[in-house]
Amino acid sequence: MGPLSIISEFPEWINLLIALFIGIGFGYTLEQAGFSSSRKLAGMFYGYDTTVLKVFFTAAIVALAGSQLLSFFGLLNLKLVFVNPWYVNASIIGGIIMGAGFIMGGYCPGTGISALSIGKIDAMIYMLGGMFGAFLFAETFPFIQTLATDNYEGPMRIDEWFGVSPGLFTLLLILAAVALFWIAEIAEKKFSRTDITSDL
Amino acid sequence: MSLLKNLKIIILVIVVLLILIIIRISDQNVFKEQVKTAVEVTWNNSNLITPNKFRELTTPYLVIELGSESNPGSLQFRPSIKIPFEKLLDKESREILDNTKGALILYSDKMATASKAWIILNQLGYKNILILSSEENPEELKYKFQPDTTAGLEQDSI
Amino acid sequence: MDARIKYSVLLVGIGLIVAILPYNTAESFRLKSHDLLIKSTSDEIWLSVDQVARFMNNEDSTVQLIDLRSTEQFRECNIPGSINIPYSDLLNPFWEGTINQKQVKKIFYGNSDQTACYAWIIATGLGYENNYIMKGGLNEWFKIVMFTQFSGQKITPLENALFENRFNARKTFTQINSLPDSLKRQFFHSKRLKQSKLDGGCE
């Protein structure tokens, strides 16, 4: 029964070790899928490469449907899954800043580290920028505190917000994903660019 | 036809999943109700019935006397049946519960036993279950706390 | 055939199945009914008021008393060291961390056995472990701990220990419950702070 750490009360170091292995697996997969290339990530914004959308959306719906099924068979306790609390203002503003950083740098934080570990210089500069941003946030927090903590809605789930059952919401999201994938493929054809990496 | 052939693995996966789900749903041993429905009914005691109201009942009912095996009930009500709490979910008991028309009225000389049985049956999906309770509100505090007005935080035993 | 179509069919198929699942298991009991029945017939789930009084006197940190009565009743008097989770609020996710842990013995009590039994069976059914009930609730507590007097000629060592325990519990109960609300809250706040530091966690 999951989560694993609840049933067998692992000592802390085993928890950390499991986290390390999951992290290595995640990083390796990101790198192998080509996510350490900023061109691939930026392609999402220009529409010539929508791998990012497909991978992350697929991951989300597989996890969503999988956790529902595991919970149905009594193998996973969904009540123990952490739901991120929702700060409305902070989410919107943070989302815009994150998106801007994403398109300018060509990485999201996870793929940035993935690219850093294979020695990309732009990723190193990107991560330095990220750390500077974190430093700036921490130092100026007292000034932006009201902005960051305003409009607190608590841990909220979209299905509860819509008032539909988690299962129905999963179905809707899957349908939306399939439709989006289809649109993405059309966009890829429309905005296609020659693959410059193959010339290198 | 070729479409089906191409999708046969996919269809197989979905069918296996469906079979597993049907097995799970048909398991009578699994609780299927939402816990919050039990809390909503019990917290204002709307699942209790007093002896007065019980006597005025006109709809069909069956009293279930929940003794223990060593201390069976006295069968003072009619129609009634004795089911020891430990055997509440045995096959024979389930058949009786399933086939009863009208209200199931739980009675036990211990309120605790009837309360536990009520939640278990409610969560298994049985509707129209009541607890026969001699008191209107068993959760009444029969004593009044007398504060000691001379007490202060500084005193030793805090 | 195009792999895209295969994956789409698989995902939509699973989505349809998930959408028609008849009940939301996250909100239902996790134990099977027979296991729950066996657990609930056990005598080990009961603790006597004398045992609870001893826990309270020793300020035992391996137990957590949970008062299921309403906030008003709790304010009027409660067993020192207990926290108030009104029964109607039991399923509030806010209490999840308190109820869903097995390091500390959770002892439920109300004014009698009824509410405590409801709460016990709900907590146990949801798969939480280490739940107990104080037998008889506060009515029993008042009867045994607060109001029994020793009447006899000779006292055995066993009885002596029992009555000393009750007497100490009585004293603490009266003292703490006689404090004004502000001080009471201060007392519990500092206790809870200590507790949350022990627990750690994400937030």
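Higher on the page you've got the structure.
Residues numbered from 1 in each chain as written. Chains lettered and ligands numbered in written order. Predicted model: local features only at pLDDT ≥ 70, side-chain atom pairs only at ≥ 80, totals over all residues. Heavy atoms only, no water.

Draft legend 1. Spatial organisation of the interface of chain C and chain B. Counting from both sides, the interface comprises 58 residues of chain C and, opposite them, 60 residues of chain B. Buried surface at the junction of chain C and chain B, summed over both partners, amounts to about 5,400 Å²; 69% is from carbon and sulfur atoms. The closest approach of N and O atoms between Glu76(C) and Lys144(B), which form a salt bridge, is 2.8 Å. Here chain C and chain B share 15 residue pairs in polar contact (both at pLDDT 80 or more) between them. Among the secondary structure elements, those contributing two or more residues to the side of chain C that touches chain B are helix 1 (3–20), helix 2 (33–41), helix 6 (113–125), helix 7 (137–146), helix 8 (157–178) and helix 9 (181–199) of chain C. Across the side of chain C that touches chain B, the residue classes break down as 31 nonpolar, 19 polar and 8 charged. (Contact = heavy atoms within 4.5 Å. Buried area = accessible area lost by both parts, 1.4 Å probe. Salt bridge = Lys/Arg side-chain N within 4 Å of Asp/Glu carboxyl O. Polar contact = N/O pair within 3.5 Å; in protein donor to acceptor, adjacent residues only side chain to side chain. Helix = DSSP H or I, 4+ residues; strand = E, 2+ residues; numbered from the N terminus. Nonpolar A, V, L, I, M, F, W, Y, C, P; charged D, E, K, R; others polar.)

Draft legend 2. Structural detail: the packing of aromatic side chains. Residue and element names in this part refer to chain A. Considering all chains together, one arrives at 20 aromatic pairs over all chains under this definition. Each ring, one from Phe72 and one from Phe73, has its centre 5.3 Å from the other, and the planes form 80°; the classification is edge-to-face. Owing to a relative accessible area of 1%, Phe72 belongs among the buried residues under this scheme. Seen in terms of ring centroids, Trp86 and Trp161 are 6.0 Å apart; in terms of plane orientation they differ by 70°. Their pairing is edge-to-face. On the criterion of sequence distance, the pair formed by Trp86 in strand 1 (residues 85–87) and Trp161 in helix 8 (residues 158–162) is long-range, its members being 75 residues apart. Of the residues examined, Trp161 reaches a relative accessible area of 53% and is grouped as exposed. (Phe/Tyr/Trp six-rings, centres within 6.5 Å; stacked < 30°, edge-to-face > 60°. Buried < 20%, exposed > 50% of the residue type's maximum accessible area, 1.4 Å probe, protein only.)

Draft legend 3. Inspection of unusual backbone geometry at higher detail. Even without being glycine, Asn45(B) reaches a positive phi, approximately 60°. The topology assignment puts Asn45(B) in the loop between helix 3 (35–42) and strand 1 (48–49). Note on Asn45(B): relative accessible area 17%, which makes it buried. The phi dihedral of Glu59(C) falls on the positive side, at around 45°, and the residue is not glycine. Turning to its location among the elements, Glu59(C) is positioned in the loop between helix 3 (49–57) and strand 2 (63–67).

The analysis is restricted to geometry; functional conclusions fall outside its scope.
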